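Spelled out, the chains give:
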Amino acid sequence: MEGGKQWFHSDANDLHLLFEFFSLHDSSSMWIGYLVVWLICTVERWTTYCLDKNCSQHDTARRLVAIAKRTVLYGIATTLRLLYMLVVMYFNTNLFIAVVASLTLSQCIIEIIRLKRQFNHDGNGYSDLRSSNEDLIIPKIIISDE
């Protein structure tokens, strides 16, 4: 990014995405760039989701395998985070929006998956959200003029 602009801009002249050979010179290459950004962000969010899962194993050999897997996942997540940080550092407005939108959409999908697993964990589905023949007690909120 030699001689690059250090402020947000939409100029794509002489813009390369992460590597010198990946030039974003026309509309089709920009869309491929957005796809690459989306892929980086989505894989990072999914890797972080896998790292957040609770893993408790009793066997020592399995613990060592789990530690090795989590360490590799952490390395992948860190690499991907640094890659999208570098993309944002181009200060290209379109790439910045692509990173934010990709991370946000990916996190939304992961939250939906978490919610679905949480409610399906007992096998009851969403039935635990309903009241069991009891009236709901809703507290009153009083706003005074004083």
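Residues numbered from 1 in each chain as written. Predicted model: local features only at pLDDT ≥ 70, side-chain atom pairs only at ≥ 80, totals over all residues. Heavy atoms only, no water.

Topic: the overall build of the protein
Argument step 1. Within the protein, the secondary structure is distributed over 3 helices and 0 strands.
Argument step 2. Reading the protein from its N end, one meets helices and strands in the order α-α-α.
Argument step 3. The 146 residues of the protein split such that 23% are buried.
Argument step 4. The contacts in the protein between residues at least 6 apart in sequence include a share of 64% that link residues at least 24 apart.
Argument step 5. Accessible surface computed for the protein: about 11300 Å², of which carbon and sulfur atoms make up 62%. (Helix = DSSP H or I, 4+ residues; strand = E, 2+ residues; numbered from the N terminus. Buried < 20%, exposed > 50% of the residue type's maximum accessible area, 1.4 Å probe, protein only. Contact = heavy atoms within 4.5 Å. Areas by Shrake-Rupley, 256 points an atom, 1.4 Å probe, with all protein chains shown as cover.)

As for the UniProt feature "transmembrane region" (unreviewed entry) in the protein
Argument step 1. Those residues carrying the UniProt feature "transmembrane region" (unreviewed entry) are residues 31–51, 72–89 and 95–113 in this numbering.
Argument step 2. Span residues 72–89 is 94% helix and 0% strand, its end C-alpha atoms 26 Å apart.
Argument step 3. Across residues 95–113, helical content stands at 100% and strand content at 0%; the span's end C-alpha atoms are separated by 27 Å. (UniProt positions renumbered as here; feature names shortened; annotations may be inferred.)

Concerning the packing of aromatic side chains
Argument step 1. Throughout the structure, instances matching the rule amount to 3 aromatic pairs.
Argument step 2. Measuring from centroid to centroid gives 5.1 Å for Trp46 and Tyr49, while their planes differ by 40°, and the two rings are tilted. Note that Trp46 and Tyr49 are positioned in helix α1 (residues 27–52) at a spacing of 3 residues, about one turn of the helix.
Argument step 3. On the basis of relative accessibility, which here comes to 6%, the residue Tyr49 falls in the buried class. (Phe/Tyr/Trp six-rings, centres within 6.5 Å; stacked < 30°, edge-to-face > 60°.)

Some details on the packing of helix α2 (residues 60–88) against helix α3 (residues 93–120)
Argument step 1. The geometry of α2 relative to α3 is characterised by a closest axis approach of 8 Å and an angle of 145° between their N-to-C directions. Between α2 and α3, the contacting residues are Tyr84, Val87 and Val88 on the first element and Leu95, Phe96, Val99 and Leu103 on the second.
Argument step 2. Considering only residue class, the contact of α2 with α3 consists of 7 nonpolar, no polar and no charged. (Axes fitted to C-alpha atoms, helices over the stretch in contact; angles between N-to-C directions. Nonpolar A, V, L, I, M, F, W, Y, C, P; charged D, E, K, R; others polar.)

Examining the nonpolar core
Argument step 1. Formed by 17 residues in total, the largest nonpolar core has its most connected members in Leu17, Leu24, Val37, Leu95 and Val99.
Argument step 2. When contributions to this core are tallied by element, the ones reaching two or more residues are α1, α2 and α3.
Argument step 3. The biggest single contributor to this core is α1, with 5 residues.
Argument step 4. Each of domain 1 (44–90) and domain 2 (92–122) gives at least three residues to this core.
Argument step 5. What Val99 contacts, discounting residues up to four positions off in sequence, is Val37, Cys41, Tyr84, Val87 and Val88. (Core = buried A, V, L, I, M, F, W, Y, C linked by side-chain atoms within 4.5 Å. Domains from an automatic or database assignment.)

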